[in-house]
Amino acid sequence: DTGVSQNPRHKITKRGQNVTFRCDPISEHNRLYWYRQTLGQGPEFLTYFQNEAQLEKSRLLSDRFSAERPKGSFSTLEIQRTEQGDSAMYLCASSVGQGVYGYTFGSGTRLTVV
Amino acid sequence: RKEVEQDPGPFNVPEGATVAFNCTYSNSASQSFFWYRQDCRKEPKLLMSVYSSGNEDGRFTAQLNRASQYISLLIRDSKLSDSATYLCVVNWGSGTYKYIFGTGTRLKVLA
């Protein structure tokens, strides 16, 4: 499978716990993006990387959220002290170059905070 | 004004009908435009790019009106399999390839 891979597919956690998601982009794609999507809404931009550099982070992203892409390959998104409002689908996408041909999305990680 | 606005629908149309969706965007510096399709509980998938001169891909036609800052998607001869949410996507400003998504327009094609 040469697509964008995300793990886990589903995560249920108790409020206050930390969670970490992983994204493996398409190997030749140097840009990687994280989005969050809630029911009835479009994907909302969180952050993106070019290689290992985090180039932009949404102002909507609280300090509880952090993302890394240590070697310019896979990326992790960590949420600390989860809240019920964090329940959403977390989508990872990658693109070659600047994404002029659009992104390829992974299947997402569905987070439920109880 | 929202960055990218779409009518959420739903649009319920019979099979074989022609349906059109519009999307408006607020940043006049945006340069790249796309339509994505999203099936229920699945990830968005690229349907087509939108070019200045308009472009067609089979039953799908996309158009861009820079002066009025809107893009459109026309689907001809609707199939049951076209039922999905259609997301309008715009890059946010000149020189950035951070893409902003609309909330999506739901289409249901009825037998």
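Described below are features of the structure shown in this document. As a convention, each chain's residues are numbered from 1 in the sequence order in which they are written. Going through the entries in the order they are written, you letter the chains from A and number the ligands from 1. The predicted origin of the model limits local features to residues at a pLDDT of at least 70 and limits the giving and counting of side-chain atom pairs to 80 or more, whereas totals for whole chains, interfaces and linings rest on all residues. Side-chain measures here rest on the full set of heavy atoms in the structure, leaving out hydrogens and waters.

1. Section: the overall build of chain A
For step 1, the next point in the chain: The helix and strand labels rest on DSSP assignments: H or I over at least four residues marks a helix, E over at least two residues marks a strand, and numbering proceeds from the N terminus. Across its full length, chain A holds 0 helices and 11 strands.
For step 2, the next point in the chain: The N-to-C order of helical and strand elements in chain A reads β-β-β-β-β-β-β-β-β-β-β.
For step 3, the next point in the chain: Here the radius of gyration uses the C-alpha set of atoms, whereas the globule reference equals 2.2 Å times the residue count to the power 0.38. In terms of overall size, chain A behaves like a compact globule, its C-alpha atoms giving a radius of gyration of 13 Å where 114 residues would be expected to give roughly 13 Å.
For step 4, the next point in the chain: Here the C-alpha coordinates of chain A stretch approximately 40 × 25 × 25 Å along the principal axes.
For step 5, the next point in the chain: Evaluated residue by residue, chain A yields a buried proportion of 46% over its 114 residues. Burial classes: relative accessible area under 20% of the type maximum marks a residue as buried, over 50% as exposed, and values in between as partly exposed (1.4 Å probe, protein chains only).

2. Some details on the overall build of chain B
For step 1, the next point in the chain: The helix and strand tally for chain B stands at 0 helices and 11 strands.
For step 2, the next point in the chain: Ordered by position from the N terminus, the helices and strands of chain B form the series β-β-β-β-β-β-β-β-β-β-β.
For step 3, the next point in the chain: The dimensions of chain B, computed from C-alpha atoms along their principal axes, are 45 × 30 × 20 Å.
For step 4, the next point in the chain: In chain B, which comprises 111 residues, the share counted as buried stands at 50%.
For step 5, the next point in the chain: The long-range share in chain B, meaning contacts at least 24 apart out of those at least 6 apart in sequence, stands at 58%.
For step 6, the next point in the chain: On chain B, roughly 5,300 Å² of surface is accessible, and the fraction owed to carbon and sulfur atoms is 46%. The contact criterion used is simple: two residues touch if any of their non-hydrogen atoms lie within 4.5 Å. Note on areas: these come from Shrake-Rupley sampling with a 1.4 Å probe, and a residue is covered only by the protein chains present in the view.

3. Brief notes about the sheet that holds strand S8 (residues 70-75) of chain B
All names here are of chain B.
For step 1, the next point in the chain: Strand order in the open sheet formed by 5 strands is S1-S3-S8-S7-S6, with antiparallel pairing between adjacent strands. Of all strands in the sheet, those with a lone pairing partner are strand S1 (4-6) and strand S6 (55-57), marking the two edges. Recorded for the sheet is a direction-independent mean angle of 20° between the axes of neighbouring strands.
For step 2, the next point in the chain: DSSP calls a pair of strands paired once it identifies at least 2 bridges connecting them. Direction of pairing for strand S3 (residues 19-25) relative to S8: antiparallel, over a ladder of 6 bridges. The convention used is that axes are lines fitted to C-alpha atoms, helices contributing only their stretch in contact, and that angles between N-to-C directions extend from 0 to 180 degrees.

4. Quick look at the nonpolar core
For step 1, the next point in the chain: Take the buried Ala, Val, Leu, Ile, Met, Phe, Trp, Tyr and Cys residues and link them wherever side-chain atoms come within 4.5 Å; each set so joined is a nonpolar core. Formed by 24 residues in total, the largest nonpolar core has its most connected members in Phe21(B), Trp35(B), Ile71(B), Leu73(B), Ile75(B), Tyr86(B) and Leu107(B).
For step 2, the next point in the chain: When near neighbours in sequence (up to four residues on either side) are disregarded, Ile75(B) contacts Ala17(B), Thr18(B), Val19(B), Phe21(B), Arg59(B), Phe60(B), Asp82(B), Tyr86(B) and Leu107(B).
For step 3, the next point in the chain: In terms of nonpolar packing, the next biggest core, distinct from the first, is built from 19 residues, Val4(A), Trp34(A), Ala67(A) and Val113(A) among them.

5. A closer look at a nonpolar patch on the surface
For step 1, the next point in the chain: Residues Val96(A), Val100(A) and Tyr101(A) make up a contiguous nonpolar surface patch of roughly 310 Å² in combined accessible area.
For step 2, the next point in the chain: What makes Val100(A) partly exposed here is its relative accessible area of 38%. Residues enter a patch when their relative accessible area is above 30% and they make no salt bridge; the linking distance is 9 Å between like charges and 5 Å between nonpolar side chains (Val, Leu, Ile, Met, Phe, Trp, Tyr). A carboxyl oxygen of Asp or Glu within 4 Å of a side-chain nitrogen of Lys or Arg is what we treat as a salt bridge.

6. With respect to the pairing of strand S9 (residues 84-91) of chain B
Residue and element names in this part refer to chain B.
For step 1, the next point in the chain: Along S9, 8 of the 8 residues are buried, which leaves the element largely enclosed by surrounding structure.
For step 2, the next point in the chain: The side-chain alternation of S9 yields two buried faces, one formed by Ala84, Tyr86, Cys88 and Val90 and the other by Thr85, Leu87, Val89 and Asn91.
For step 3, the next point in the chain: Pairing of S9 with strand S11 (residues 105-110) involves 3 bridges; the strand directions are antiparallel. Bridge assignment links Ala84 to a residue of S11, and that residue is Leu107.
For step 4, the next point in the chain: Examined bridge by bridge, S9 and strand S10 (residues 99-101) share 3 bridges and lie antiparallel to one another. Bridged to Val89 within S10 is Phe101.

7. Things to note about the interface of chain B and chain A
For step 1, the next point in the chain: Contact residues are listed per partner, giving 15 residues for chain B and 22 residues for chain A.
For step 2, the next point in the chain: With both chains or domains summed, chain B and chain A bury close to 1,600 Å², and 53% of this area falls on carbon and sulfur atoms.
For step 3, the next point in the chain: Its salt-bridge partner being Lys98(B), residue Glu56(A) comes within 2.9 Å of it at the nearest N-O pair.
For step 4, the next point in the chain: We define a polar contact as two N or O atoms separated by no more than 3.5 Å, with the added condition that, inside protein, one atom must be a possible hydrogen donor and the other a possible acceptor, whereas residues neighbouring each other in sequence contribute only through side-chain atom pairs. Applying the counting rule to chain B against chain A returns 5 residue pairs in polar contact (both at pLDDT 80 or more).
For step 5, the next point in the chain: Those elements that provide at least two residues to the side of chain B that touches chain A are strand S4 (33-38) and S10 of chain B.
For step 6, the next point in the chain: In terms of residue class, the side of chain B that touches chain A is made up of 8 nonpolar, 4 polar and 3 charged. Two parts placed together each lose some accessible area under a 1.4 Å probe, and adding up what both lose gives the buried area. Here the term charged refers only to Asp, Glu, Lys and Arg, the term nonpolar to Ala, Val, Leu, Ile, Met, Phe, Trp, Tyr, Cys and Pro, and the term polar to all other amino acids, Gly among them.

8. Some words on the side chain of Gln69(B)
Residues and elements named next belong to chain B.
For step 1, the next point in the chain: Relative to the assigned elements, Gln69 resides in the loop between strand S7 (60-65) and S8.
For step 2, the next point in the chain: With relative accessibility at 15%, the residue Gln69 sits in the buried group.
For step 3, the next point in the chain: One polar contact links the side chain of Gln69 to the main-chain carbonyl oxygen of Ser26, over a distance of 3.3 Å.
For step 4, the next point in the chain: Beyond its immediate sequence surroundings of up to four residues, Gln69 is in contact with Arg1, Cys23, Thr24, Tyr25, Ser26, Asn27 and Ser28.

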